[in-house]
Protein chains: 2
Amino acid sequence: MQQYMQILKNTKLFSGVREEEIETMLICLGATLHQYKKGDYVFRTGEYIHNLTVLVEGSLHIQKDDYWGNRAILGHIAVGEMFGEAYLSPDSGPLPNDVVALKDSCVIFFDVDRILSVCTSACKFHSLTVKNLFFAVSEKNRRLVAKLGHISNRTTREKLLSYLSDEAKRSKSSSFFIPFNRQQLADFLSVDRSAMSNELCKMRDEGLMEFNKNHFTLL
Amino acid sequence: MQQYMQILKNTKLFSGVREEEIETMLICLGATLHQYKKGDYVFRTGEYIHNLTVLVEGSLHIQKDDYWGNRAILGHIAVGEMFGEAYLSPDSGPLPNDVVALKDSCVIFFDVDRILSVCTSACKFHSLTVKNLFFAVSEKNRRLVAKLGHISNRTTREKLLSYLSDEAKRSKSSSFFIPFNRQQLADFLSVDRSAMSNELCKMRDEGLMEFNKNHFTLL
DNA sequence: ACAAGTCGGTTGTATTTACAACAGAAAGAG
DNA sequence: CTCTTTCTGTTGTAAATACAACCGACTTGT
């Protein structure tokens with residue numbers, strides 16, 4: 001797990017914790033390394049999870065498929081981000097969605113009970129960890145609200161503009177990459193891919209934006 | 001603030017804290033009582049907030065109006081619930097939506113800095129409070145994901161069924177009240193009111209459900 | 001009791017979206 | 001390199017939605 005120290009150092013979970021201390025905490029929190037092939041399920045809908053998960057290599061999608069085969073992409077997890085923070089509470093029910101590896105991926109599991117119970121040994125970072133987790137869930141919360149803001153627009157064009165301006169703001173540039181291809185973006189915004197593609201091209205022709213694959217420039 | 005002790009005792013924020021201890025904490029956390037008339041804004045989009053808010057009387061909506069006057073209702077806050085947990089982090093930006101009183105309401109503000117900084121005095125409940133906050137944001141997080149699940153359905157009927165079955169599950173009964181009138185439900189699900197009303201009546205005629213005002217029974 | 005306002009349901013039409021199908025470009029496998 | 005697969009854009013049609021307008025039932029305030 002040593003090899004991933006640089007990534008762990010920069011995670012929200014270990015914010016404010018020094019490298020040597022992280023090493024101690026890896027043991028203290030019962031960290032274990034797991035590997036997944038592209039397309040593998042890390043978690044499935046309905047599972048009760050007992051781990052906090054940090055992605056150290058690859059890429060994950062949080063998604064949900066309905067009876068009719070429609071897929072909704074609820075989120076995207078990049079290296080250094082975590083998953084499952086919101087399901088550590090004792091009263092959280094089963095997982096409502098799947099977590100799938102987009103590429104070959106490595107994740108580190110942390111034991112819930114060890115995170116939330118007070119550690120009697122030398123590890124004095126539990127309260128900091130809980131605070132970090134609180135901040136992390138808060139941020140995810142704000143992102144979810146932002147996403148709701150995009151999706152609750154009525155038309156495909158409005159959803160696109162809302163999402164793209166948000167991405168531009170996040171990257172502090174009118175030129176940016178998005179972590180989706182067309183189908184994934186459509187699933188993320190809950191719209192039809194072809195209708196969305198159509199709308200994107202219209203906006204390009206109207207001079208509102210330029211794009212190439214997953215690189216966009218707002219004008 | 002004494003008069004609201006019964007409500008405070010049962011909030012997520014003070015879960016596991018005894019009544020006498022809550023009294024101490026009210027002072028320790030810098031609690032102040034604020035009153036609002038029906039229609040008043042508790043917070044406005046763009047504000048930077050520095051308080052955790054607990055509703056002790058009345059009813060609030062979290063909502064967002066766009067340029068064209070469309071209103072999206074992002075959430076509903078009932079007595080005993082709180083607002084602002086997700087905006088306590090130092091890096092949280094401005095509030096992305098309005099919080100409005102639906103009825104005459106009373107809220108208690110708690111000072112962020114006092115919640116998150118370690119209290120040097122006798123008050124030993126800070127770490128418990130942060131943990132409680134963590135659980136609270138986690139739950140709100142799960143609710144947001146659930147709401148995303150409803151909204152990301154493609155048709156009005158699917159959104160309605162998704163939302164209503166969720167409410168039925170939450171109330172553990174096929175018969176339940178929802179906290180919205182028709183317009184508000186439409187705003188919550190991001191659909192057109194008349195189209196939704198139409199769809200509801202169709203489903204009633206098909207024998208899928210019965211309803212009267214905001215009371216629903218799934219069959 | 002009356003007037004004004006709110007709420008829920010209904011309808012028709014214009015607009016938008018979903019779906020299916022296809023073609024060229026790009027990427028990946030052997 | 002060639003074949004296969006994936007990705008993106010395009011089009012036409014069927015279906016769903018938004019919008020406006022209207023009505024009757026019910027509330028609220030005076």
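The structure we're discussing is the one just above.
Reading guide: rules and limits
Residues numbered from 1 in each chain as written. Chains lettered and ligands numbered in written order. Predicted model: local features only at pLDDT ≥ 70, side-chain atom pairs only at ≥ 80, totals over all residues. Heavy atoms only, no water. Pairing = 2+ DSSP bridges. Helix = DSSP H or I, 4+ residues; strand = E, 2+ residues; numbered from the N terminus. Axes fitted to C-alpha atoms, helices over the stretch in contact; angles between N-to-C directions. Contact = heavy atoms within 4.5 Å. Polar contact = N/O pair within 3.5 Å; in protein donor to acceptor, adjacent residues only side chain to side chain. Buried area = accessible area lost by both parts, 1.4 Å probe. Salt bridge = Lys/Arg side-chain N within 4 Å of Asp/Glu carboxyl O. Near = heavy atom within 4 Å. Least-squares fit on C-alpha atoms with pLDDT ≥ 70 in both. Nonpolar A, V, L, I, M, F, W, Y, C, P; charged D, E, K, R; others polar. Phe/Tyr/Trp six-rings, centres within 6.5 Å; stacked < 30°, edge-to-face > 60°. Buried < 20%, exposed > 50% of the residue type's maximum accessible area, 1.4 Å probe, protein only. Core = buried A, V, L, I, M, F, W, Y, C linked by side-chain atoms within 4.5 Å.

Student: How do you make sense of the sheet that holds strand β11 (residues 215-218) of chain A when you look at a structure like this?
Tutor: Sheet strands pair by backbone hydrogen bonding; their relative direction is either parallel or antiparallel. Residues and elements named next belong to chain A. Spatial ordering of the open sheet is given by β9-β11-β10, a layout of three strands whose pairing is antiparallel. The strands lining the two open edges of the sheet, one partner per strand, are β9 (175-177) and β10 (209-212). For this sheet, the mean angle separating the axes of adjacent strands, direction not counted, is 20°. Where β10 meets β11, four bridges bridge the pair, whose relative direction is antiparallel. Within β11, the position partnered with Met209 by the bridge is Leu218. Sheet strands touched by helix α5 (residues 156-171): β9, β10 and β11. Its angle to β9, the strand with the most contacts, is close to 100°.

Student: Honestly, the side chain of B:Ser92 in this entry has me stumped. Any pointers?
Tutor: Residues and elements named next belong to chain B. In this fold, Ser92 is placed in the loop between β6 (82-83) and β7 (98-101). Looking at Ser92, its side chain comes within polar contact range of the main-chain oxygen of Tyr87, at 3.2 Å. A distance of 2.9 Å separates a polar side-chain atom of Ser92 from the backbone oxygen of Ser89.

Student: What should I look at first to understand the interface of chain A and chain B in this one?
Tutor: The accessible area lost on association of the parts is a frequent measure of interface size. Taken residue by residue, the interface counts 38 residues in chain A and 38 residues in chain B. With both sides pooled, the region where chain A packs onto chain B buries about 3500 Å², and carbon together with sulfur makes up 66% of that total. Between chain A and chain B we count two salt bridges in total. One salt bridge in this structure joins B:Arg142 and A:Asp91, with 3.9 Å as the shortest N-O distance. Where chain A touches chain B, the interface holds seven residue pairs in polar contact (both at pLDDT 80 or more).

Student: I would appreciate a short explanation of the protein's contact with DNA strand C in the present structure.
Tutor: Lining the immediate surroundings of DNA strand C are 14 residues, of which A:Thr156, A:Asp192, A:Lys213, B:Arg182 and B:Asn198 lie closest. A share of 61% is what sugar and phosphate atoms reach among the atoms of DNA strand C within 4 Å of the protein. Between B:Arg182 and DNA strand C, the recorded distance is 3.0 Å, taken from a side-chain N or O atom to a phosphate oxygen. The contact in question runs from a base oxygen of DNA strand C to an N or O atom on the side chain of B:Arg193, over 3.0 Å. Only α7 (193-205) of chain A together with α7 (193-205) of chain B provide two or more residues apiece to the surface near DNA strand C.

Student: Is there a simple way to think about the relation of the copies chain A and chain B in this case?
Tutor: Put simply, the second copy of the chain is the first one after a rotation about an axis and a shift along it. Rotating chain A by 180° and translating it 0.0 Å along the rotation axis places it on chain B, where the RMSD comes to 0.1 Å. Classification of the inter-copy transformation places it as that of a two-fold axis. Measuring from the rotation axis to each C-alpha of chain A, the shortest distance belongs to A:Phe134, at 2.4 Å.

Student: Quick question: what am I supposed to make of the protein's contact with DNA strand D here?
Tutor: Around DNA strand D, the surrounding shell holds 13 residues, and the nearest of these are A:Arg182, A:Ser197, A:Asn198, B:Thr156 and B:Asp192. Expressed as a percentage, the sugar and phosphate content of the atoms of DNA strand D within 4 Å of the protein is 59%. Between DNA strand D and A:Ser197 there is a distance of 3.0 Å, counted from a phosphate oxygen to a side-chain nitrogen or oxygen. Take B:Thr156: an N or O atom from its main chain is 2.6 Å from a phosphate oxygen of DNA strand D. Of all the secondary structure elements, the ones that give two or more residues to the surface near DNA strand D are α7 of chain A together with α7 of chain B. Take the surface near DNA strand D: its biggest share by element is five residues, from α7(A). A breakdown of the residues in the surface near DNA strand D according to their chemical character gives two nonpolar, seven polar and four charged.

Student: Honestly, the packing of aromatic side chains in this entry has me stumped. Any pointers?
Tutor: We describe a pair of aromatic rings using the distance from one ring centre to the other and the angle between the two ring planes. One pass over the full model with this rule turns up 18 aromatic pairs over all chains. Considering the side-chain rings of A:Phe134 and A:Phe135, the 5.7 Å spacing of their centres and the 40° angle between planes classify their relative orientation as tilted. A:Phe135 matches A:Phe134 in its accessibility class, with the two residues each being buried. Ring centres of B:Tyr163 and B:Phe180 lie 6.4 Å apart, and the angle between their planes is 45°; on these two criteria the pair is classed as tilted. Here B:Phe180 lies in the loop between β9 (175-177) and α6 (182-189) and B:Tyr163 lies in helix α5 (residues 156-171), a separation of 17 residues in the sequence. Three or more aromatic residues joined by ring pairs form one cluster here, namely A:Phe43, A:Phe83 and A:Phe109.

Student: Any chance you could explain the nonpolar core here in plain terms?
Tutor: Considering soluble globular proteins, one finds that nonpolar side chains tend to be buried as a cluster. One finds A:Phe14, A:Phe110, A:Phe134, B:Phe14 and B:Phe110 to be the most contacted residues of the largest nonpolar core, which totals 58 residues. In this structure, A:Phe134 is in contact with B:Glu85, B:Leu88, B:Leu116, B:Val130, B:Leu133, B:Phe134 and B:Val137, ignoring residues within four places of it in sequence. By size, the runner-up hydrophobic cluster in this structure holds 44 residues, among which are A:Tyr36, A:Ala101, B:Ile62 and B:Ile151.

So yeah, pure geometry; function would need other evidence.
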